[in-house]
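The lines below spell out each chain.
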Amino acid sequence: MSTPTPTSTCSNSGPVVPKTPLITFLEIIQKTALNTLGPKNFDPKLYVDLSLKSNLSITQNAFDDLPRTPNGSVSVTDFNGFIQNYFNGAGEDLVYTEPVDFVPEPEGFLPDVMNREVRAWALEVHSLWKNLSRKVSDRVLDRPEFHTLLPLTKPVIIPGSRFREVYYWDSYWVIRGLLASKMYETAKGIVTNLISLIDEFGHVLNGARAYYTNRSEPPLLSAMVYDIYTRTGDVDFAIKSLPALLKEHKFWNSEIHSVIIHDAEGCNRTLSRYYAMWNKPRPESSTIDIETASKLMNDSAKQHLYRELASTAESGWDFSTRWMRNGSDLTTLATTSIMPVDLNAFILKMELDIAFLANATGDCTISVHFHEAAQARKQAMNSVFWNAEMGQWLDYWLSNGTACKQGHTWEASNQNRNIFASNFVPLWIELFNSDRTLVEQVMRSLQSSGLIRAVGIATSLTNSGQQWDFPNGWAPLQHMIVEGLARSGSKEARSMAEDIAVRWIRTNYIAYKKSGAMHEKYDVEKCGEFGGGGEYIPQTGFGWSNGVVLAFLEDNFFLCADQTCQEEESF
Ligand SMILES: OC[C@H]1O[C@H](O[C@H]2O[C@H](CO)[C@@H](O)[C@H](O)[C@H]2O)[C@H](O)[C@@H](O)[C@@H]1O
C-alpha cells in the first residue's frame, strides 16, 4: 500500500487508513471492560492486543448473547468468562526466543569497563536482551486475521511490559545496545522486519500492530542501517536496505508531511511535519481519547483532535506541552501545525545516510542527489528554526488558521521560544556538530537552559503531568545530545557530554539496584527514581534505556561504582 494522496492538507480532512473489523470489535470489548471492571488498573491497550480463538463472527455472536442488565451492562463474571473462552491473552501470540547471537559475555564486550561492579551490571543489562527477545508465533502466520499483531518473520526486541511489540524509534537505541553486545544478527533482523513494513505499508509503522498502520514514528531506519553497516562492513545488507530508505524518504516528503515556508530572504524552504492518516480515537487508547474529545462540541472538532492525538503519537512525544496551544488542555494539541526541529534533524540524517550508503554501494547519482537534499534541508533548518540570540533551534508554528495553505511566510514570532530538549537534537547531526563555533554557542545555551538537572537532561521546563515534559528524562534525548557534544571535537563539549552521561548512567544504576529493573523514563530531579505522568503507568524492561546505557559505556563515559546519589549535588 502506498501513501494515500490527501484532498487537502487540513488536519481534519486528510487521508484515513481504514481499520480492520477485528480492531473495531476489540474497541467495543475495551469499552465494555472499562464499564464492567472499572477504571482502577485499567489499561485500554490490553484489549486491542488480545487475539481470537475462533472466527470473529462466532466471537461477536457470543458477545452479543451475553446476558445484559436493562442498562446494557454485563456482569464481571460473564465478561471475564467470555474473555477467557474466546481470546488468547495479550502477548501470547509472541513467543520467547533466545537470540541466536546471545552469549553471556561476548568477546570484546565493553573492553574499557574494568570496574567490577559496573561491569557486572553492564552484563546484567546485556542479559536483558534475552528477556525482551520474542518471535511472532506461527499461529499469527497461519491466521493473521485473528491477531492485531503483525506477522514479522525475524525475531524482535520489544521495549517491555505493555509494549509487547516492536516499536520504530525505540529500535534505534535497542540496536545501539545490540551492537555494544556484539549481537549483529539480531540487529540486522530488526532492520529486515522494519523494511518489510515499508514494503507492505509504504512506511515504518509506529509499532508492529494493525492499529498502528495509520502513522509512523521518528524516522531512524537509515541511522540503524548506517550504524550496522559501519560496524559490520556488510555491503549486501546496505544494498538490500537502500530501496526501502528511498521509499521512506518519499513518505516523509509526501504532500501531507511537507510544507513550504517562504523565509526572511524570500527563499522557499521545504520542511517536514508529523501528520497521521487518522481522525478517530487511537484504538490502543480509545476510551481515553473519547473522554478527552467529549469536551468538544461537534464532530468536526473531534475528528481534528483525533488526528492531532495520532500525529502526536507519530512524533514519539505523546504527550507534551510542546504540541499544545494551552499547556493544560490536551484538546488544544496542534502537532500538524508545527514544523518540528527533531523530525527535520532525523530526515537530514536520513539524507546524509542515504548519500553515504549509496556511495558505499557504488551509486554515485543517488549519493550526489541526497547530498544536495541534505544541504537544502540544512539551509531550511537554519532559516526557519535557528535562533541566534538563544543559540537553539526552535520549533516553528504555522500561523493560526493557515495550516491548510500550501505556502507560509516565515515570521520570527512563530518560533516557539519555550525550551525543550528537542531544541538541541540537531547537535547529533554531523553537519552541525562539525562546526566548532556553533557547538560552543549551543553548548553555552544548553548549560544555561535549565534543562540540565541533577541526573540528566529534562524533556522540558514545564511540569504538566504529561510524560514528555518535566521532570521526565528519556534515554534517547540524553543519547543524541551527549553523542552530538562528544563528537564535536571540542574538549569542553566532550567534558559536558561525559558529565551528563555519568549522571544518567548513575541514576539508571541506582534505580536498577533499588528496583531490579530498567525503566522507560527517569525523574531527572531524583537520583534512582523512575519517571511518571501521562496516560499509562510507568513501564519497565526497557529496550531503549538498556541500549543507551550500553552505548554510553561503550563510548567510555565512565561510572565510578563508589559514587553514590549523595554526590549528585557536586555536579
Ligand atoms: O499507548 C499509548 C502510546 O504508547 C506508545 O508511546 C510511548 O511508548 C513507545 C514505546 O516505548 C515510544 O516509542 C513512545 O515514544 C512513547 O511515547 C506508542 O508509541 C503510542 O503510539 C501510543 O499511542
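Above this note sits the structure.
What counts, and at which threshold
- Numbers given to residues run from 1 along each chain, matching the order in which its sequence is written.
- Local features in a predicted model are, by the rule used here, given only for residues with pLDDT of at least 70; side-chain atom pairs are given and counted only at 80 or more, and totals for whole chains, interfaces and linings are based on all residues.
- Hydrogens and water are ignored here; the side-chain numbers use all heavy atoms of the structure.
- Numbering of helices and strands runs from the N terminus; a helix is a DSSP stretch of H or I covering at least four residues, while a strand is a stretch of E covering at least two.
- A molecule or strand has a residue near it when one of that residue's heavy atoms lies within 4 Å.
- Pairing of N or O atoms within 3.5 Å defines a polar contact, subject to two protein rules: one partner must be a possible hydrogen donor and the other a possible acceptor, and residues neighboring in sequence count only if both atoms are side-chain atoms.
- All accessibility values rest on the Shrake-Rupley procedure with a 1.4 Å probe; residue burial counts only the protein chains present in the view.
- Strands were regarded as paired on the criterion that DSSP finds at least two bridges between them.
- Every angle, taken between N-to-C directions, lies between 0 and 180 degrees, and every axis is a line fitted to C-alpha atoms, over only the stretch in contact when it is a helix.
- The criterion used for residue contact is that any of the two residues' heavy atoms lie within 4.5 Å.
- Cavity and pocket criteria rest on a 1 Å grid covering protein atoms alone: a 1.4 Å probe that fits but cannot get out defines a cavity, protein on both sides within 12 Å along at least 5 of 7 lines defines an open pocket, and an atom within 4 Å of a point defines a lining residue.
- Grid points are joined across faces, edges and corners, and a volume is the space filled by probe spheres set on the points.
- Just so you know the grouping, Ala, Val, Leu, Ile, Met, Phe, Trp, Tyr, Cys and Pro go in nonpolar, Asp, Glu, Lys and Arg go in charged, and all remaining residues, Gly too, go in polar.
- Angular relationships are summarised with four words: roughly parallel below 35 degrees, roughly antiparallel beyond 145, roughly perpendicular across 65 to 115, and oblique for the angles in between.
- Crossing handedness follows the turn of the near helix against the far one: under a right angle anticlockwise gives a left-handed crossing, and clockwise gives a right-handed one.
- Only protein chains enter the accessibility calculation, which uses a 1.4 Å probe; a residue is then buried when its area is under 20% of its type maximum, exposed when over 50%, and partly exposed in between.
- Starting at the helix axis, one direction is taken to each C-beta atom, and the arc is that of these directions.
- Take the buried residues of types Ala, Val, Leu, Ile, Met, Phe, Trp, Tyr and Cys, join any two whose side-chain atoms come within 4.5 Å, and each joined set is a nonpolar core.

Considering unusual backbone geometry
Looking along the chain, the bond that leaves D318 and enters F319 is cis, with omega of 0°. Residue placement: F319 occurs in the loop between α12 (299–314) and β8 (338–339). Omega for the bond connecting F470 with P471 falls within 30 degrees of zero, at 5°, which places this linkage in the cis form. With respect to the helices and strands, P471 occurs in the loop between β14 (456–457) and β15 (472–473). Backbone geometry at N556 places phi at a positive 65°, although glycine is not the residue there.

Side note on the site of the ligand
Taken together, 21 residues surround the ligand, and among them D170, N206, E284, G316 and D318 come closest. R162 places a side-chain nitrogen or oxygen 2.9 Å from an oxygen atom of the ligand. Within the side chain of Q467, an N or O atom sits 3.4 Å from an oxygen atom of the ligand. The fraction of the free accessible surface of the ligand (480 Å²) that becomes covered by protein chains is 100%.

As for the sheet that holds strand β6 (residues 258–262)
One open sheet holds the three strands; their spatial order is β7-β6-β12, and the pairing between them is mixed. Among the strands making up the open sheet, the edge pair consists of β7 (268–272) and β12 (407–409). Ignoring which end each strand starts from, the neighbouring axes of this sheet average 35° apart. Relative to β12, β6 is paired through three bridges, and the arrangement is parallel. Counted as the bridge partner of H262 is T409 from β12. Most of the contacts of helix α14 (residues 364–384) go to β7, to which it runs at about 95°, and overall it touches β6 and β7.

Some points on the sheet that holds strand β4 (residues 133–136)
In sheet architecture, strand pairing relies on hydrogen bonds along the backbone and comes in two forms, parallel and antiparallel. Read from one edge of the open sheet, three strands run β3-β4-β5, paired in antiparallel fashion. The open sheet has two free edges, formed respectively by β3 (94–96) and β5 (156–157), since each of these has just one partner strand. Where β4 and β5 come together, two bridges link them in antiparallel fashion. Looking at β5, one finds that S133 is bridged to I157.

Comments concerning the layout of surface pockets
Here the largest pocket defines a volume of roughly 520 Å³. Lining the largest pocket are 22 residues, with Y226, K349, D353, E430 and R487 positioned closest to its centre. At the level of secondary structure, the elements contributing two or more residues to the lining of the largest pocket comprise α7 (168–180), α9 (221–232), α13 (341–360), α14, α15 (430–433) and α17 (475–487). Classifying every residue of the lining of the largest pocket by side-chain character gives eight nonpolar, four polar and ten charged. In this structure, the second largest pocket spans a volume of roughly 450 Å³. Residue lining of the second largest pocket: 22 residues in total, with P39, N41, F42, D43 and P44 positioned closest to the centre. Mapped by element, the contributors of at least two residues to the lining of the second largest pocket are α1 (21–37), α2 (45–48) and α11 (286–293). Broken down by class, the residue content of the lining of the second largest pocket amounts to eleven nonpolar, five polar and six charged.

Notes on the packing of α7 against helix α19 (residues 543–554)
Running from N to C, α7 and α19 cross one another at 40°; their axes reach a closest spacing of 7 Å. The angle between the axes of α7 and α19 places the two elements in the oblique class. Two packed elements cross with a definite hand, and for α7 against α19 that hand is left-handed. Across the interface between the two elements, W169, D170, W173, V174, R176, G177, L179 and A180 of α7 pack against G543, W544, G547, V548, L550, A551 and E554 of α19. A class-by-class count of the residues in the contact of α7 with α19 yields nine nonpolar, three polar and three charged.

A word on the pairing of β4
By the bridge criterion, three bridges tie β3 to β4 in an arrangement that is antiparallel. From the neighbouring strand, L94 faces β4, where its bridge partner is V136.

A look at helix α3 (residues 56–64)
What α3 keeps buried is the set L56, T59, A62 and F63. Across the axial projection of α3, the buried residues extend over an arc of 130°, all falling on one side. Contacts from the buried residues of α3 go to α1, β1 (51–52), α4 (76–86) and β2 (87–88).

Comments concerning the nonpolar core
Judged by nonpolar contacts, the single largest core of 182 residues is most densely connected at L221 and L485. A per-element tally of this core places α13 first, with twelve residues. Setting aside anything within four residues of it in sequence, one finds L485 in contact with L427, M443, L446, A493, R494, M496, A497 and I500.

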